[in-house]
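Coordinate analysis (summary)
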Amino acid sequence: MQEQYEKAGKIAVEVVEEGLKKITPGAKLLDVANFVEELAVQKGAKPAFPCNISVNDIAAHYSPQAWDESTFKKGDLVKLDIGVHVDGYIADIAKSIIVGGGSNKLIKAAEKALENVIELVKPGVLTSELGEVVENTIKDMGYLPISNLTGHMLKRWNLHGGVLIPNIKTRHGDVINEGDVLAIEPFATNGAGRVVDDANAIIFRYLCDRPLRMKEARDILQHVKTNYGDLPFAERWISNLMPRFKLNQALRQLAYSQAIYAYHILREKERGMVAQAEHTVIVSKEGCKITTKI
Ligand code: MN
Ligand code: MN
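When helices and strands are tallied, the chain shows six helices and 15 strands. Taking 2.2 N^0.38 as the reference for a compact globule, 294 residues should give roughly 19 Å; the C-alpha atoms of the chain span a radius of gyration of 18 Å, in line with that estimate. Expressed as lengths along the three principal axes of its C-alpha atoms, the size of the chain is roughly 50 × 40 × 35 Å. Relative to its 294 residues, the chain shows a buried fraction of 54%. Pairs at least 24 residues apart make up 76% of the contacts formed inside the chain by residues separated by at least 6 positions. Entry remark: accessible area of the chain is about 13,200 Å², with carbon and sulfur atoms responsible for 49%. Charge centroids of the chain, computed over 37 positive and 37 negative side chains, lie 3 Å from each other.

Given below as C-alpha cells:
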C-alpha cells in the first residue's frame, strides 16, 4: 500500500515538473492538460482527477474543454494541480508559477504555509492546529488564506476520505493518526480570502443512477460510471461521445437530476490573485513522509 502511494507520488511530481515547463507565454491550456494526463499514463499511473489549470483569480476546478482556445499570458499566476493513482492509491500535488518565469511573494506564502504544516504533521496533532499554522504563516506574509478551501484525507479510490485539513484556525479539530494519507493544500490570496462558485462547471463526478429522459444523458452516465467510478472526470474526456450541444444538454440534465456532481469553477470573491501549494503525505510514527517529492 505504502509502495503504491509512493509510486503514484513519484509519477505525480515528475508530471507536474514536466507540465510546468510547458506553461509558457502563448502556450494553450488544452495542450498542457492533454500533455500531463498522457504523461501520467505513459509513466504507469492514471489520472485521479482531470488536471486543474487555474489562472490568476481562478482558484481551482478549471480544466480546459476540448474546444478551449485560451493561452497563457506572460505574468499570469498559474496553479497546476495534478492527481494520479496507481491501482486506486492517489497522489495529489499542486504548484504555482508565474508565466514567463519567476515566482512572487504570494506563491512563497502558500509554499511557506505548506512547509510549516508538514513540519507539524504527526500522530495526535489536530487538524485545527494545522489550519492555524496555515493562517498564521500566510497572514504574517501580508495575505489571507482561502477560508473555504481545504486539504483532505485520501483513501483508496477516494479523493475525499472524510477528514478535512482547514486553511484557517477552526473550533473543531480531528485527530491525525499514524498511516493517514493527507493532501495538504494552502491557498493564499490578496483578495477577500474566500472563493465563490462560477456559473460553469467542467469537472464532474458520478453520484448514482437516476431515471433520465434523455438518451444521451443515460449513455454518458453509463460511460462515466464504468470508466471513472467515483473519481472526477472532465467534460473534455467525453467530448468525443457526441456533438458539443448534446453533451452540454446531457451534462446539465445529469447535474440537475443529481446523477452527477458538478464541480463549479471556483473564483476568488474579490477577484484577488490566488496561489496554491500542495503535497501528499503519509503520517508516520514521528512525523510524515511526503510522497510527492523527488
Ligand atoms: Mn490537488
Ligand atoms: Mn487536493
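There is more to say, and it comes next.
Think of it this way: four donors in a tetrahedron around the metal ideally sit 109.5 degrees apart, and six in an octahedron ideally sit 90 or 180 degrees apart. With distances of 2.0 to 2.4 Å, the protein atoms coordinating the manganese ion (ligand 1) are Asp81 (OD), Asp81 (OD), Asp92 (OD) and Glu278 (OE). A gap of 3.1 Å separates the manganese ion (ligand 1) and the manganese ion (ligand 2), which Asp92 links by coordinating each metal. Note that Asp81 is positioned in strand β3 (residues 77-86) and Glu278 in the loop between β13 (274-276) and β14 (279-283), a separation of 197 residues in sequence. For Asp81, a relative accessible area of 9% puts it in the buried group.

Here we take up the sheet that holds strand β7 (residues 164-165). Across the sheet, five strands lie side by side as β7-β6-β8-β14-β15; this open sheet has antiparallel pairing. In this open sheet, the two edge strands, each paired with only one partner strand, are β7 and β15 (288-290). The pairing of strand β6 (residues 151-153) with β7 spans two bridges and is antiparallel. Following the sheet pairing, Gly151 is matched in β7 by Ile165.

The subject of this paragraph is empty space enclosed by the protein. Evaluated as defined, the whole model comprises one cavity of 30 Å³ or more. Here the largest cavity is characterised by a volume of approximately 50 Å³. Counting only elements with at least two residues in the lining of the largest cavity, the list comes to α2 (29-42), β1 (46-55) and β3. The residue makeup of the lining of the largest cavity, split by class, is eight nonpolar, one polar and one charged.

Tallying each qualifying case throughout the model produces 16 salt bridges. With its nearest N and O atoms 2.9 Å apart, the salt bridge here joins Glu14 to Lys10. Here Lys10 and Glu14 lie together in helix α1 (residues 2-22), a separation of four residues that amounts to about one turn. In this structure, Lys21 engages Glu18 in a salt bridge whose closest nitrogen and oxygen atoms are separated by 3.0 Å. Taken as a pair, Lys21 and Glu18 lie in helix α1 at a separation of three residues, close to a single helical turn.

Surrounding the manganese ion (ligand 2) are the protein donor atoms Asp92 (OD), His152 (NE2), Glu185 (OE) and Glu278 (OE), which sit 2.1 to 2.2 Å from the metal. Each donor residue of the manganese ion (ligand 2) belongs to the same chain, and together they define the spacing D-x59-H-x32-E-x92-E. Overall, His152 belongs to the buried group, its relative accessible area being 2%.

Along its 14 residues, helix α4 (residues 127-140) runs 20 Å from first to last C-alpha, staying within 8% of the 20 Å computed at 1.5 Å per residue. Thr127, Ser128, Leu130, Gly131, Val133, Val134, Glu135, Thr137 and Ile138 are the residues of α4 that are buried. Looking at the buried positions of α4, the neighbouring elements they touch are α3 (105-120), β5 (144-145), β7 and β9 (187-189). Phi turns positive one or two residues past the end of α4, at Gly142, with a value near 95°.

We now examine the environment of Val163. Looking at the element boundaries, Val163 is found in the loop between β6 and β7. On the basis of relative accessible area, Val163 is assigned to the buried category, the value being 15%. Sequence spacing of Val163 and Leu182 is 19 residues, and the spatial spacing of their C-alpha atoms is 8.8 Å. Excluding anything up to four places from it in sequence, Val163 contacts Thr127, Gly151, His152, Met153 and Asp174.

Now for the side chain of Glu37. Structurally, the position occupied by Glu37 is in helix α2. Taking the relative accessible area as the measure of exposure, Glu37 reaches 11% and is therefore buried. Excluding residues within four positions of it along the chain, Glu37 makes contact with Pro47, Pro50, Cys51, Arg236 and Trp237.

Another aspect to go through is the packing of aromatic side chains. Taken as a whole and judged by the stated rule, the model has five aromatic pairs. With centroids separated by 5.7 Å and ring planes inclined at 20°, the aromatic side chains of Tyr228 and Phe233 adopt a geometry described as stacked. Put simply, the rings of Phe204, Tyr228, Phe233 and Trp237 pair up and form one aromatic cluster. It is Lys22 that lies over the ring of Phe35; its NZ or CZ is 4.6 Å from the centre.

Calculation criteria
- Residues numbered from 1 in each chain as written.
- Chains lettered and ligands numbered in written order.
- Predicted model: local features only at pLDDT ≥ 70, side-chain atom pairs only at ≥ 80, totals over all residues.
- Heavy atoms only, no water.
- Helix = DSSP H or I, 4+ residues; strand = E, 2+ residues; numbered from the N terminus.
- Rg over C-alpha atoms; globule rule 2.2 N^0.38 Å.
- Buried < 20%, exposed > 50% of the residue type's maximum accessible area, 1.4 Å probe, protein only.
- Contact = heavy atoms within 4.5 Å.
- Areas by Shrake-Rupley, 256 points an atom, 1.4 Å probe, with all protein chains shown as cover.
- Lys, Arg positive; Asp, Glu negative; His and termini not counted.
- Charge placed at Lys NZ, Arg CZ, Asp CG, Glu CD.
- Donors = N, O, S within 2.8 Å, 3.2 Å for Na, K, Ca; no water.
- Pairing = 2+ DSSP bridges.
- 1 Å grid on protein atoms, 1.4 Å probe; cavity = no way out; pocket = protein on both sides within 12 Å on 5 of 7 lines; lining within 4 Å.
- Points joined across faces, edges and corners; volume = space filled by probe spheres on them.
- Nonpolar A, V, L, I, M, F, W, Y, C, P; charged D, E, K, R; others polar.
- Salt bridge = Lys/Arg side-chain N within 4 Å of Asp/Glu carboxyl O.
- Expected span 1.5 Å × (residues − 1).
- Phe/Tyr/Trp six-rings, centres within 6.5 Å; stacked < 30°, edge-to-face > 60°.
- Lys NZ or Arg CZ within 6 Å of the ring centre and 35° of its normal.

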